[in-house]
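Topology and contacts: notes
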Amino acid sequence: MNILDFADAFFSDSAHWHGYDGIPVRLGEHIQYTLMALGIAAAIGLPVGLLTGHTGRGGNVLALIATSGRALPSFGLMVLMFILLGLGMAPVMIPLVVLAVPPILVTTNEAMRSLDPAPVDAARGMGMGEAQVLFRVEVPTALPLILSGLRSAAIQIVSTATIAAYVSFGGLGRYIVDGLYQRDYEKVVGGATLVAGLAVATLLVFWAVARLAVSRGVRRPG
Amino acid sequence: MNDVFDMPSYLEHSFLGLVGLHLREALVPVLAGLVLALPLAQLCVRFRWLYPPVLWVTTVLYAIPSLAFFVVLIDYTGLSELTVMIPLAVYSLVVLVPAIVDGVRSVPQETLAAATAMGLGPVRRYLQVQLPIAAPAILAGLRVAAVSSISLVSVGMLIGNEGALGNMLDAGLKYNQPRLVWLSVISTAVLAILVDALLIVLRMWVTPWMPRGGGRGARTVLAKGAAR
């Protein structure tokens, strides 16, 4: 049997489509974790990134935050939060948010700083206020990069939320972790396929959002 | 009371042994990724049409969660170190290819023309002009790859204790020893920071002409790395 056979066996077993441990429930949990963590991380990272980028200050501090955010092992952090806080949403959310804030923050900041200064000056010259400059000129122009920061944060959250299953949480990682314990390779491969599929779907969602939201004048080739 | 660095015997390593194992499991894949990324990036620089599809494939590969990658490989490489190292090598490759391509492409046309005028052939021009000028970008890519690789090795614990320092997490939970969990998280983070610092020193050493302390180019690559 190879991987495809395992995956096929997993998906054609109707028991995997219903009930508490069914694919719809686990997928829903995974998406819920992802959206929640991404929402919190964006609420922290976007405003700070936009402001520091707009004023052009704090780049070095942000680089430091980015490095230390990456250096923290998210899996270990999750286990640590689990033993400190026990069962609950917080032990999953804290590592996911800690993981997702740096890419959003740093990319947003860099997107704002790498803007062509000419249109920004032109906007000021036209008499726009700071808020107008920020939201009508800088943000639309920086949007492709800002979205790429959000995208990589989302991808990392999807990936790391899988691991939350090890400390007894739901989501698609349940199939992988349970399958490994039960030596049920069919389940493991099924779970891995679902997680990978969700990650690729996340890419596609962001690609579609970028197509819709980014002004045609700003869209860069590739 | 236990000593801080005492290990349960089933981990089969002392603390320092785990550190060594962790470094090997994390950094050998980064080196492998670099060795593969250099020619691939060169191909992308040479044949421009190749770059967009390569970028697409690498973006998708990078999106595949590590745990999923590990467990799919179990069927081929078993519960072994290799199962952890192959995905890490792929992730490193994915980070490094764009870093190298951007770095090599950023070499000004005049510089290349000057090198050619001095009689350098394509190979020497690549080794003596393009690579050194691209070095800051490449090293910035290496920093991203090495640090995330060190963090991801721990996940290998889930596939039969192949996570080096990450194995302490499981031991800590099993035997109710928070000390081991703390030790795992702190030592992994410290290891990542040390390797990162070492790569910064390496960059200053190989590019003595650059201003100290990062510079804008390196930061751009870091931001792009973060965006991947």
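The secondary structure content of chain B amounts to 9 helices and 0 strands. Order of helices (α) and strands (β) in chain B, N terminus to C terminus: α-α-α-α-α-α-α-α-α. Dimensions of chain B, computed from the C-alpha atoms along their principal axes, are close to 70 × 40 × 25 Å. Classification of the 228 residues of chain B by burial places 46% in the buried group. Intrachain contacts of chain B at a sequence separation of at least 6 include 71% that bridge at least 24 residues.

To continue, consider the overall build of chain A. The helix and strand tally for chain A stands at 9 helices and 0 strands. When the helices and strands of chain A are read in sequence order from the N terminus, they spell out α-α-α-α-α-α-α-α-α. When the backbone C-alpha atoms are referred to their principal axes, chain A occupies close to 65 × 40 × 25 Å. A total of 222 residues make up chain A; the buried ones form 46% of that total. For chain A, the proportion of contacts with a sequence separation of at least 24, taken over those separated by at least 6, is 73%.

Turning next to the interface of chain B and chain A. Listed per partner, the contact involves 40 residues of chain B and 46 residues of chain A. For the side of chain B that touches chain A, the elements supplying multiple residues, two or more each, are α2 (51-63), α3 (66-77), α6 (122-153), α7 (167-174), α8 (178-206) and α9 (215-226) of chain B. Looking at which element gives the most residues to the side of chain B that touches chain A, the answer is α8 of chain B, with 10 residues.

Take the confidence of the model for chain A next. Taken over all residues, the pLDDT of chain A has a mean of 86, while the share at 70 or more is 98%. When pLDDT is averaged over each helix and strand of chain A, the minimum, 78, is found for helix α1 (residues 3-12) of chain A and the maximum, 91, for helix α2 (residues 23-55) of chain A.

Turning next to the confidence of the model for chain B. For chain B, the average pLDDT comes to 85, and 91% of its residues sit at 70 or higher. Predicted complex, confidence summary: ipTM 0.81, pTM 0.85.

Moving on: the nonpolar core. Counting residues in each nonpolar core, the largest one holds 121 residues, and the members touching the most others are M78, A100 and I157 of chain A together with V71 and I100 of chain B. In terms of residue count, helix α4 (residues 81-105) of chain B provides more of this core than any other element does, 14 residues in total. Setting aside anything within four residues of it in sequence, one finds I100 of chain B in contact with A37, L38, A41, A134, I138 and G141 of chain B.

Residue and element names in this part refer to chain A. Here L99 is to be found in helix α5 (residues 90-113). Sequence separation between L99 and L77 is 22 residues, and the spatial gap between their C-alpha atoms is 9.9 Å. Those residues in contact with L99, other than ones at most four positions away along the chain, are S74, Q156, I157 and T160.

Turning our eyes to something else, we now look at the packing of helix α9 (residues 185-213) of chain A against α2 of chain B. Between α9 of chain A and α2 of chain B, the least distance of the axes is 8 Å, while the angle of their chain directions is 130°. When the axes of α9 of chain A and α2 of chain B are compared, the pair comes out oblique. The element α9 of chain A and its partner α2 of chain B pack so that their crossing is right-handed. Contacts from A199, V200 and L203 of chain A in α9 of chain A reach T59, V60 and A63 of chain B in α2 of chain B.

All names here are of chain B. The phi dihedral of A164 falls on the positive side, at around 50°, and the residue is not glycine. In this structure, A164 sits in the loop between α6 and α7. If you check the backbone angles, N176 has positive phi at about 50° while not being a glycine. With respect to the helices, strands and loops of the structure, N176 is situated in the loop between α7 and α8.

Bringing helix α1 (residues 15-46) of chain B into the picture now. Residues spaced three or four apart along an α-helix face the same direction, because each turn holds 3.6 residues. All names here are of chain B. Its 32 residues place the ends of α1 47 Å apart at the C-alpha level, agreeing with the 46 Å of an ideal helix rising 1.5 Å per residue. At A37, α1 shows its maximal kink, close to 30°; a proline, P39, follows between one and four residues later. Buried residues of α1: L18, L21, H22, E25, A26, P29, V30, G33, A37, A41, C44 and V45, and no others. Looking at the buried side of α1, the elements it contacts are α2, α4, α6 and α8.

This brings us to the packing of α7 of chain B against α8 of chain B. Residue and element names in this part refer to chain B. At a closest axis distance of 7 Å, the pairing of α7 and α8 adopts a crossing angle of 165°. The orientation of α7 with respect to α8, classified from their angle, is roughly antiparallel. Where α7 crosses over α8, the two elements pack in a sense that is left-handed. Contact with α7, carried on its side by M168, L169, A171 and G172, involves P178, L180, V181, L183 and S184 of α8 and no other residues of that element. Counted by class, the contact of α7 with α8 contains 7 nonpolar, 2 polar and no charged residues.

Residues and elements named next belong to chain B. Within the fold, L73 resides in helix α3. Between the C-alpha atoms of L73 and I86, which are 13 residues apart in sequence, the distance is 8.5 Å. Excluding its chain neighbours within four sequence positions, the residues that come into contact with L73 are T83, I86 and P87.

It is worth spelling out the environment of I64 of chain B at this point. Relative to the elements of secondary structure, I64 of chain B occurs in the loop between α2 and α3. By C-beta crowding, I64 of chain B is classed as buried, having 22 other C-beta atoms within 10 Å. C-alpha separation for the pair I64 of chain B and Y91 of chain B, spaced 27 residues apart in sequence, amounts to 9.5 Å. If we ignore the near neighbours within four places in the chain, the residues touching I64 of chain B are A196 and A199 of chain A together with F69 of chain B.

The rules we used
The numbering scheme is per chain: residues are counted from 1 as the chain's sequence reads. Naming scheme: in the order in which they are written, chains are lettered from A and ligands are numbered from 1. With the structure being a predicted model, the display of local features is reserved for residues of pLDDT at least 70 and the display and counting of side-chain atom pairs for 80 or more, all residues being used for whole-chain, interface and lining totals. Each helix is a run of H or I in the DSSP string that is no shorter than four residues. Each strand is a run of E no shorter than two, and both are numbered from the N terminus. The burial label depends on the number of other C-beta atoms within 10 Å of a residue's C-beta. Counts of 20 or more mean buried, 12 or fewer mean exposed, and intermediate counts mean partly exposed, with C-beta atoms placed from the backbone. For every residue pair, C-beta atoms are placed from the backbone, and the pair is scored as a contact if these atoms sit within 7 Å. Per residue, pLDDT measures the predictor's confidence, with a range of 0 to 100. We define a nonpolar core as a collection of buried residues of the types Ala, Val, Leu, Ile, Met, Phe, Trp, Tyr and Cys that are connected via C-beta atoms lying within 7 Å of each other. Between the N-to-C directions of two axes lies an angle of 0 to 180 degrees, each axis being a line fitted to C-alpha atoms and, for a helix, fitted only over the stretch in contact. Orientation categories follow fixed angle ranges, with anything under 35 degrees roughly parallel, anything over 145 roughly antiparallel, 65 to 115 roughly perpendicular, and all other angles oblique. Definitions for this section: a left-handed crossing has its near helix turned counterclockwise from the far helix by less than a right angle. A right-handed crossing has that turn clockwise. Helix span is expected to be 1.5 Å times the residue number reduced by one. Bend, in this description, refers to the angle at a residue between axes fitted to the seven residues ending there and the seven starting there. Each residue gets one label: Ala, Val, Leu, Ile, Met, Phe, Trp, Tyr, Cys and Pro are nonpolar, Asp, Glu, Lys and Arg are charged, and the others, such as Gly, are polar.

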